[in-house]
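Listed below, chain by chain, are the residues.
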Amino acid sequence: MRRTARLVPTLTLAAGSALLPAAFAHGASAAAAPGAAVAHGSSAAGPHGAGAARSASRPAARAAAVKAAPEPVGKEAAETRSEQRAVSRYWTGAKMESAKPLDVPAPRKEGVRLTAAATAEQAAADPVEVPATRPGGGTVTPAASAARTSSGAAWTRGGTVAKTAGRVFFTYQGRNASCSATAVTGGNRSTVITAGHCVRMGGAFHTNWVFVPGYANGERPYGTWVATALYTTPQWNNGEDVNYDVAAAVVAPLEGRSLTDVVGGQGVSFNQPRRQRMHAFGYPAAAPYDGSSLTYCAGQTFDDFMMSRDLGLNCTMNGGSSGGPWFAGFDENTGLGTVNSVNSFKYGFAGGWMFGPYFGAEARDVYEAAQEAATPIDRK
């Protein structure tokens, strides 16, 4: 059982009414502003390198501010074997193929823009990086390769990314929908990183949530992994703020094996420099795409100069790619990289740009909250 956590109210938004009971706030600390460093006492340290996410001690004033910050918000999903079997059976091939992508959210007109002060605060925070892991364990460091530029081509080079990236399926307000996600290194070997709106939107967490790594033309080569818990930032939970559109899922083992033991885990990092060269991956499912294959974009990121603090990338991927990973230092030869953002939103008047949230302290807290989750029950 997970430890008891205090209840917090959920906010019912105009997009729809609440579908689930009130969410619970997980006991991971979050920083008051993007990029503020966090010292966290989770149990993520372990043989798979998540212990690298620990940082040096902070001054007393900063530690006090951290304690006062809002915590990541989570929702228990399919915790028991019977619930996991029911969710797994629910997702037939036909239902997956007919699942529709969510409408990609956009920032409000009064959205918080990037300021010089925010950029300076992000730059001053301690950088944190968790290494990638091979299937079965053992860390590995990707060697960044000279990247080709892509604005939305099919990924045909295989490698680890073709195993760790996958499609997400869930039920949202009574209809079946899809997103993208990726398996990352974690002490529980069961963590998936995605976008906040891919776990919760319209005032409620999604149901029937599964991750299908390596999805290709309807095939599930590495199985269907059922979520036991979902986590997102308090800013996304309370106000659907695209600057914090980040989430993590913990998935149950499958036939006695944990997720990253089967497919490996990508690295993940926080408080990194902005305007890096990145690769973005996902399963876009709106025309002209159909969600059947892994697609990627690659190029130099830029700062959103309109209505968010997000990073931007030239990319034509669309609905269904939400939650797919953005990699810094991606090695095109091995398919390994370090997740440093996710596909989040597009402006309707700028379809050639994709935006993703800056991975600062809030994103790190979500990742660490997932590491504190109890070991999922094996589904047989």
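The coordinates are above.
Residues numbered from 1 in each chain as written. Predicted model: local features only at pLDDT ≥ 70, side-chain atom pairs only at ≥ 80, totals over all residues. Heavy atoms only, no water.

Caption draft 1: Here's a closer look at the nonpolar core. The biggest cluster of nonpolar side chains holds 65 residues, and the ones touching the most others in it are W209 and F359. Per-element accounting of this core gives the leading share, six residues, to strand β14 (residues 225-232). Ignoring any residue separated from it by four or fewer positions in sequence, one finds F359 in contact with I193, V246, V268, S269, F270, N271, V339, N340, S341 and V342. (Core = buried A, V, L, I, M, F, W, Y, C linked by side-chain atoms within 4.5 Å. Buried < 20%, exposed > 50% of the residue type's maximum accessible area, 1.4 Å probe, protein only. Helix = DSSP H or I, 4+ residues; strand = E, 2+ residues; numbered from the N terminus. Contact = heavy atoms within 4.5 Å.)

Caption draft 2: Main features of the state of the cysteines. Within the structure shown, the criterion is met by two disulfides. The disulfide partner of C179 is C198, and the S-S distance across this bridge is 2.2 Å. Because the sign of the S-S torsion sets the handedness, a value of about -80 degrees for the bond joining C179 and C198 places this disulfide among the left-handed ones. Taken together, the residues C179 in strand β9 (residues 175-184) and C198 in the loop between β10 (191-194) and β11 (200-201) connect sequence positions 19 residues apart. By the burial criterion, C179 is buried, and C198 matches it. A sulfur-sulfur distance of 2.0 Å marks the disulfide that ties C297 to C315. Taking the torsion about the sulfur-sulfur bond, which here is approximately 65 degrees, the covalent link between C297 and C315 counts as right-handed. With C297 in strand β18 (residues 295-300) and C315 in the loop between β20 (311-314) and β21 (325-331), this pair connects stretches of sequence that are 18 residues apart. Numbered by order of appearance in the sequence, the disulfide-linked cysteines of the protein pair as 1-2, 3-4. (Disulfide = S-S within 2.5 Å.)

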